[in-house]
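# Coordinates in review
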Amino acid sequence: MKDGYLNELLLLLLSKKGSYVSGEEISEKFGVSRTAIWKQVNHLRKLGYEIDSVPRVGYCLKKSPDLLLPEEIIQNSCLEFLARKIYYYPSIGSTNDEAKKLAQNGAPHGTLVIAEEQTGGKGRLGRRWVSPPREGIWLSIILRPSMEPYEAPRITITCAVAAAKAIRKVTGIDCRIKWPNDLLVEGKKVAGILTEMSADMDSINFVVVGIGINVNNADFPDEIKETATSLKLAYGKNVDRLKILTEFLLQFEELYRVLEERNFEKILEEWRKLSCNLGRRVRIIGKNFELEGIALDVDSDGALLIKTDGGKVERVLSADVSLRE
Ligand code: BT5
């Protein structure tokens, strides 16, 4: 079997979803025998694709399984630089770790790494990110931005805005952003972002931005039961992962362009509207400090500005935030 044949067949069937493609057309297009096609159709059926076959008429793709396969992403989105290259894994340790390896080996700007399950999903500071099979969207994007290392937190903010907009657009759920890297629904965490960077003193080699979105999780392990939620729990029924994913990629690409045009203020305007921090009393726990106060704004570096009880305005670049009231 020729390399990439399966992908081409799936792409063809997807592009004509709901109508018949003749065996003759397929074998001419790919230069393979009818028996080889039959084998591949059966392979796709095993993955969960519903494919009708009618003698002398051909094959018709009726229904796709709930998988985030590259062919589905390509077929369902129209992107320029993002996801031109996609690495897909049924199961992997961490998409961020894999993306970093790929980036070190020269993977291009916009490369997408996506998995149905992570066995070693990571949060910040070595924390664990729960990523059960086929319940959420666990992905990382490799970026080679032309910005200074200190500007990299802007990417986390851009990613948060893109994800919140995508969730709101597809489900109508009131999804909010909690600085710096959480998305909340009804006060509970529905998604988290982990941005990692390889840089010299004044130039970025690459950035990997990873996001985990709980889509159809029905429950969570005890340690996060009280604090985590999923789109399904908020929406009341299953949510189409592919729709959330493709809308997120579209939003991210659009906003990333704004970022590249050095128009971060425009993204911040959207962030402010979607934030659940601003104007509220927050408690900040950083690596070596703690403080409490009112969250005033986010500045052009992505830092959170806090007015403490003494009236001083503190600038926080990275920390955990809890909402107090
Ligand atoms: C984050 O860290 O929120 C960043 C999460 C990034 C996950 C993505 S998935 C794709 C990519 N590949 C990876 O390996 N990671 C990225 P942090 O703010 O440190 O929050 C971590 C904390 O969130 C944990 O200590 C738990 O308390 C909680 N948590 C873990 N899994 C969760 C889940 N699925 N939903 C909600 N909360 C969770």
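Analysis parameters
Residues numbered from 1 in each chain as written. Predicted model: local features only at pLDDT ≥ 70, side-chain atom pairs only at ≥ 80, totals over all residues. Heavy atoms only, no water. Pairing = 2+ DSSP bridges. Helix = DSSP H or I, 4+ residues; strand = E, 2+ residues; numbered from the N terminus. Right-handed = clockwise from strand over helix to strand, strands pointing away. Buried < 20%, exposed > 50% of the residue type's maximum accessible area, 1.4 Å probe, protein only. Near = heavy atom within 4 Å. Polar contact = N/O pair within 3.5 Å; in protein donor to acceptor, adjacent residues only side chain to side chain. Areas by Shrake-Rupley, 256 points an atom, 1.4 Å probe, with all protein chains shown as cover. Nonpolar A, V, L, I, M, F, W, Y, C, P; charged D, E, K, R; others polar. Expected span 1.5 Å × (residues − 1). Phe/Tyr/Trp six-rings, centres within 6.5 Å; stacked < 30°, edge-to-face > 60°. Domains from an automatic or database assignment. Contact = heavy atoms within 4.5 Å. Buried area = accessible area lost by both parts, 1.4 Å probe. Salt bridge = Lys/Arg side-chain N within 4 Å of Asp/Glu carboxyl O. Axes fitted to C-alpha atoms, helices over the stretch in contact; angles between N-to-C directions. Parallel < 35°, antiparallel > 145°, perpendicular 65-115°, else oblique. Arc of directions from axis to C-beta.

Here we come to the pairing of strand S3 (residues 86-89). With 4 bridges joining them, S3 and strand S4 (residues 112-115) adopt parallel strand pairing. Each bridged residue has a counterpart across the sheet, and for Tyr-87 the counterpart in S4 is Val-113. Following the backbone out of S3, through helix H5 (residues 95-104) and into the adjacent parallel S4, one traces a crossover that is right-handed.

So, about the pairing of S4. Here S4 shows no split at all, with Leu-112 and Ile-114 on one side and Val-113 and Ala-115 on the other all buried. Pairing between S4 and strand S5 (residues 136-143): 4 bridges, direction antiparallel. Following the sheet pairing, Val-113 is matched in S5 by Ser-140.

In the vicinity of the ligand lie 26 residues, with Ser-94, Lys-122, Arg-127, Lys-189 and Asn-214 positioned nearest. Between the ligand and Asn-96, the relevant distance is 3.4 Å, taken from a nitrogen atom to a main-chain nitrogen or oxygen of the residue. Here an oxygen atom of the ligand sits 2.9 Å away from a polar atom, N or O, in the main chain of Arg-124. When the ligand is considered free in solution it has 790 Å² of accessible area, and contact with the protein chains removes 91% of it. Mapped by element, the contributors of at least two residues to the shell around the ligand are H5, S5, strand S8 (188-199) and strand S9 (204-214). Here the residues of the shell around the ligand sort into 8 nonpolar, 12 polar and 6 charged.

Turning next to helix H6 (residues 153-171). Counted at 1.5 Å a residue, the expected span for H6 with its 19 residues is 27 Å, and the 27 Å between its end C-alpha atoms agrees. Within H6, 14 of the 19 residues are buried, which leaves the element mostly enclosed by the surrounding structure. Gly-172 occupies a position one or two residues after H6 and carries a positive phi of about 80°.

A word on the packing of aromatic side chains. To describe a pair of aromatic rings, you give the distance between the ring centres and the angle between the ring planes. Enumeration according to the criterion identifies 4 aromatic pairs in this entry. With a centroid separation of 6.4 Å and 35° between ring planes, the pair formed by Trp-38 and Tyr-59 is classed as tilted. In this pair, Trp-38 sits in helix H3 (residues 34-47) while Tyr-59 sits in strand S2 (residues 58-63), placing the two residues 21 residues apart along the sequence. Centroid distance Phe-81 to Tyr-256: 5.4 Å. Interplanar angle 45°. Geometry classified as tilted. Within this pair, whereas Phe-81 is found in the loop between helix H4 (70-76) and S3, its partner Tyr-256 is found in helix H8 (residues 241-260), the two being separated by 175 residues in sequence. Tyr-256 shares its class with Phe-81; the two are buried. An aromatic cluster is present here, built from Phe-81, Phe-248, Phe-252 and Tyr-256 joined pairwise through their rings.

Partitioning the chain into structural domains gives domain 1 (6-63), domain 2 (70-274) and domain 3 (281-323). Relative to domain 2, the C-alpha centre of domain 1 lies at a distance of 33 Å. Each partner contributes residues to the interface: domain 1 has 6 residues there, and domain 2 has 4 residues. Across the interface of domain 1 and domain 2, roughly 520 Å² is buried in total on both sides, 57% from carbon and sulfur atoms. For the interface between domain 1 and domain 2, the tally reads 0 salt bridges. There are 1 residue pair in polar contact (both at pLDDT 80 or more) connecting domain 1 and domain 2. Residues that form the side of domain 1 that touches domain 2 fall into these classes: 4 nonpolar, 2 polar and no charged.

Relative to each other, H8 and helix H9 (residues 264-274) sit at 135°, their axes nearing to 7 Å. As judged from the angle between their axes, H8 and H9 are oblique. Residues Leu-255, Val-258 and Leu-259 of H8 pack against Phe-264, Lys-266, Ile-267 and Glu-270 of H9.

Along H5, the residues that are buried comprise Thr-95, Asn-96, Glu-98, Ala-99, Leu-102 and Ala-103. The buried residues of H5 occupy an angular sector of 160° when the element is viewed end-on, so they sit on one face. Residues of H5 that are buried make contact with S3, S4, S5, S8 and S9. Capping of H5 at its N-terminal end is provided by Ser-94; its side-chain oxygen lies 3.2 Å from the backbone amide nitrogen of Asn-96. Just downstream of H5, Gly-106 is the residue with a positive phi angle, here 95°.

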